[in-house]
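A structural walkthrough
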Amino acid sequence: MITKGQIIQGLQAVAEAIAENKDYLTELDAAIGDADHGINLDRGFQKVLEQLPTVADRDIGSLFKHVSMTLISSVGGASGPLYGTMFLRASIATAGKEELNAEAMGAILVAFVEAIVLRGKAQLGDKTLLDVLIPTQQAYQSAIAQGSDFPTAWQTALEAAKTGRDSTIPLVAKKGRASYLGDRACGHLDPGAVSAYLILKTLFDPNL
Ligand code: ADP
Ligand code: MG
Ligand code: MG
């Protein structure tokens, strides 16, 4: 079970983690993009952090809606609308909720995948954040189906997320700026896959 308080702490932790990794994410984007991924996300999550006290009394769905609107209006680039849509769909899946059980967590992960597929038209193996989100959702779903409790299933999901992140290294990009590079994108981590793993790991921490 993850409470609303843990989600608020999780959002604060995400803002900190993105700030700490701002230069790293930007360096990754310098290699196969336009060197702004860390800058874009840090701008957005600092805004989220700034405004958090004004929405802290709302339910989880409203919190995610707020994150979505803030990211859409302040991040820009490809990742702003993508992450914005991801949180928007998650906000619909969690409307009115004050805590997340195993089922609600599953619904969030499905919402994340659906949002990015819908918005970015990418698929698994295209060297995008979907290479993290799809394996995470699948690993979580099968762990729950096999009877794992929530913390165990989430741990399994995060391992799949990390493997998914690293799976982007040899890939040719099919979407976004990195796709202009053809084979030259091979051998580099996808910046969006790295930020997606960081966000998942930091936002939903049952140990917070
Ligand atoms: P921009 O490329 O506009 O500068 P960012 O640098 O903030 O935007 O984000 C780049 C990341 O966005 C990529 O590393 C990739 O993971 C993700 N991305 C780009 N296009 C798509 C897409 N169509 N679907 C899913 N993810 C995408
Ligand atoms: Mg960029
Ligand atoms: Mg850009």
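Residues numbered from 1 in each chain as written. Chains lettered and ligands numbered in written order. Predicted model: local features only at pLDDT ≥ 70, side-chain atom pairs only at ≥ 80, totals over all residues. Heavy atoms only, no water.

Here we look at the overall build of the chain
A count of helices and strands for the chain gives nine helices and two strands. Of the regular secondary structure in the chain, the N- to C-terminal order runs β-α-α-α-α-α-β-α-α-α-α. Since a compact globule built from 208 residues should have a radius of gyration of about 17 Å, the 16 Å found for the chain is in line with a globular shape. Considering only C-alpha atoms, the chain reaches an extent of 45 × 40 × 30 Å along its principal axes. Restricting to contacts in the chain with at least 6 residues of sequence separation, those with at least 24 account for 69%. If you sum the accessible surface of the chain, you get close to 9,100 Å²; carbon and sulfur atoms cover 51% of it. The centroid of the 18 positive side-chain charges in the chain is displaced by 7 Å from the centroid of its 23 negative side-chain charges. (Helix = DSSP H or I, 4+ residues; strand = E, 2+ residues; numbered from the N terminus. Rg over C-alpha atoms; globule rule 2.2 N^0.38 Å. Contact = heavy atoms within 4.5 Å. Areas by Shrake-Rupley, 256 points an atom, 1.4 Å probe, with all protein chains shown as cover. Lys, Arg positive; Asp, Glu negative; His and termini not counted. Charge placed at Lys NZ, Arg CZ, Asp CG, Glu CD.)

Here's the deal with the coordination of the magnesium ion (ligand 3)
The magnesium ion (ligand 3) binds to the protein through Asp34 (OD) and Asp36 (OD), with metal-donor distances spanning 2.1 to 2.2 Å. A relative accessible area of 21% means that Asp36 is categorised as partly exposed. (Donors = N, O, S within 2.8 Å, 3.2 Å for Na, K, Ca; no water. Buried < 20%, exposed > 50% of the residue type's maximum accessible area, 1.4 Å probe, protein only.)

Brief notes about the site of ligand 1
Taken together, 20 residues are adjacent to ligand 1, and Asp34, Ala78, Ser79, Gly120 and Asp190 come closest. A distance of 2.5 Å separates an oxygen atom of ligand 1 from a polar side-chain atom of Asp190. For ligand 1, the accessible surface in isolation is 570 Å², of which the surrounding protein chains cover 91%. Among the elements of the structure, α3 (37–55), α5 (79–93), α6 (102–120) and α9 (191–203) are those that each provide at least two residues to the shell around ligand 1. In terms of residue class, the shell around ligand 1 is made up of six nonpolar, eight polar and six charged. (Near = heavy atom within 4 Å. Polar contact = N/O pair within 3.5 Å; in protein donor to acceptor, adjacent residues only side chain to side chain. Nonpolar A, V, L, I, M, F, W, Y, C, P; charged D, E, K, R; others polar.)

Focus on the coordination of the magnesium ion (ligand 2)
Taken together, Asp29 (OD), Asp34 (OD) and Asp36 (OD) make up the full set of protein donors to the magnesium ion (ligand 2), lying 2.0 to 2.2 Å away. One chain supplies every donor for the magnesium ion (ligand 2), spaced along it as D-x4-D-x1-D.

Considerations on the UniProt feature "domain: DhaL" (unreviewed entry) in the chain
As annotated in UniProt, the feature "domain: DhaL" (unreviewed entry) corresponds to residues 5–205 in the numbering used here. The straight-line gap between the two end C-alpha atoms of residues 5–205 is 11 Å; of that span, 71% is helix and 1% is strand. (UniProt positions renumbered as here; feature names shortened; annotations may be inferred.)

Focus: the pattern of salt bridges
Tallied over the entire structure, the rule returns five salt bridges. With a shortest N-O distance of 3.8 Å, Glu98 and Lys4 are connected by a salt bridge. You can see Glu98 sitting in the loop between α5 and β2 (99–100) and its partner Lys4 sitting in helix α1 (residues 4–20), a full 94 residues away along the chain. Taking the relative accessible area as the measure of exposure, Lys4 reaches 14% and is therefore buried. A salt bridge links Asp166 to Arg165; the shortest N-O distance between them is 2.9 Å. When its relative accessible area of 34% is taken as the criterion, Asp166 is described as partly exposed. Looking at Arg165, the relative accessible area reads 18%, which means it is buried. (Salt bridge = Lys/Arg side-chain N within 4 Å of Asp/Glu carboxyl O.)

Structural notes on the packing of aromatic side chains
With the rule as written, the count across this model stands at six aromatic pairs. Joined through ring pairs, the aromatic side chains of Phe64, Phe87, Phe112, Tyr140, Phe150, Trp154 and Phe204 make up one cluster. (Phe/Tyr/Trp six-rings, centres within 6.5 Å; stacked < 30°, edge-to-face > 60°.)

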